[in-house]
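As a plain string of letters, each chain reads:
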Amino acid sequence: MREPVRIGGTAGHGPGLTELLEQVAQGDQEAFAHVYDAVAGPVLGLVRRVLCDPAQSEEVTQEVLVEVWRTAARFQADRGSAMTWVMTLAHRRAVDRVRSAQARVDREERVARLDHTPAFDDVTEQVESRLEREQVRRCLGGLTERQRQAVTLAYYRGLTYREVAELLKLPLGTIKTRMRDGLIRLRDCLGGTA
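Residues numbered from 1 in each chain as written. Predicted model: local features only at pLDDT ≥ 70, side-chain atom pairs only at ≥ 80, totals over all residues. Heavy atoms only, no water.

Novice: Please explain the nonpolar core as it appears in this structure.
Specialist: The tendency in soluble globular proteins is for nonpolar side chains to be buried side by side. Ranked by size, the top nonpolar core spans 28 residues in total, and within it L21, V35, V39, V43 and V68 carry the most contacts. Those elements that provide at least two residues to this core are α1 (17-25), α2 (29-51), α3 (54-71) and α4 (82-115). Considering every element that reaches this core, the biggest residue donor is α2, with ten residues. The residues touching V43, leaving out its near neighbours within four places in the chain, are T61, V64, V86, M87 and A90. V136, C139, A154 and V164 belong to the second largest nonpolar core, which has 15 residues in total. (Core = buried A, V, L, I, M, F, W, Y, C linked by side-chain atoms within 4.5 Å. Buried < 20%, exposed > 50% of the residue type's maximum accessible area, 1.4 Å probe, protein only. Helix = DSSP H or I, 4+ residues; strand = E, 2+ residues; numbered from the N terminus. Contact = heavy atoms within 4.5 Å.)

Novice: Could you clarify how one ought to interpret the layout of surface pockets in this entry?
Specialist: Roughly 270 Å³ of volume is contained in the second largest pocket. Taken together, 13 residues line the second largest pocket, and the ones lying closest to its centre are R74, Q76, R79, W85 and T88. Listed by contribution, the elements that provide at least two residues to the lining of the second largest pocket are α3 and α4. Here the lining of the second largest pocket is built from residues that sort into three nonpolar, six polar and four charged. (1 Å grid on protein atoms, 1.4 Å probe; cavity = no way out; pocket = protein on both sides within 12 Å on 5 of 7 lines; lining within 4 Å. Points joined across faces, edges and corners; volume = space filled by probe spheres on them. Nonpolar A, V, L, I, M, F, W, Y, C, P; charged D, E, K, R; others polar.)

Novice: Explain the side chain of Q147 to me, please; I cannot follow it from the model alone.
Specialist: Tracing the chain through its elements places Q147 in helix α7 (residues 145-156). The exposure class of Q147 is buried, given its relative accessible area of 9%. Engagement of the side chain of Q147 in a polar contact is seen with the side chain of R185, the distance being 3.2 Å. If we ignore the near neighbours within four places in the chain, the residues touching Q147 are R178, D181, G182 and R185. (Polar contact = N/O pair within 3.5 Å; in protein donor to acceptor, adjacent residues only side chain to side chain.)

Novice: Before we go on, may I ask you to explain the packing of helix α8 (residues 161-168) against helix α9 (residues 172-190) in this structure?
Specialist: Packed helices, taken two at a time, are described by the angle their axes make and the gap between the axes. Contact pair α8 / α9: the axes reach a minimum separation of 9 Å and the direction vectors enclose 115°. On the basis of the axis angle, α8 is roughly perpendicular to α9. Read as a crossing pair, α8 and α9 show a hand that is right-handed. Mapping the contact onto sequence places Y161, R162, V164, A165 and L168 in α8 and L172, I175, K176 and M179 in α9. For the contact of α8 with α9, the per-class residue count stands at seven nonpolar, no polar and two charged. (Axes fitted to C-alpha atoms, helices over the stretch in contact; angles between N-to-C directions. Parallel < 35°, antiparallel > 145°, perpendicular 65-115°, else oblique. Left-handed = near helix turned anticlockwise from the far one by under 90°.)

Novice: Whenever I open this one, the state of the cysteines confuses me. Can you help?
Specialist: Covalent bonding between the sulfur atoms of two cysteines defines a disulfide. This structure, assessed with the given rule, holds one disulfide. Here C139 pairs with C189 through a disulfide, and the sulfurs are 1.9 Å apart. Measuring the twist about the S-S bond at about -80°, one finds the C139-C189 disulfide to be left-handed. Of this pair, C139 sits in helix α6 (residues 133-141) while C189 sits in helix α9; the two residues are 50 residues apart in sequence, bridging distant segments of the chain. (Disulfide = S-S within 2.5 Å.)

Quick look at the structure:
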């Protein structure tokens, strides 16, 4: 049976967490078992509060404990308590998992928006029936790449100015200027009067 571990600096029957981490830094597996017993519960509790998902919380807790084993030599007692150091590792790891998950969701949404091609409406069909496709392509080719991108997203993908700005991560005013300039050049190229 293992001796109890002192988490704080008070006198007790077993070595404190600080001493155990020093032993873990030297590769002492028995000391790590004591550290594990002392911190696994609090780490899981903190991680679960950040992540809310029990399965991911257990996974991140395991990652934190492996990190404690691998990086115990980095612990500096003069900069804070051992438990604070472990809990800081846990919090950082949990926050990183949340950020990673959010970044993945954001990427998937951007890809989905780019892949989304709405059905043509009546106005688009009427415009396409009046204009020859080749002339439209030629005129689109006369736009700058930035103008062509904004016009294509708005008129062929059906996005609003605001959606185009969000998708391209540009200010709304910049998108409006590109659209206006691009549409003026298209109108002049196609010989329209609007």
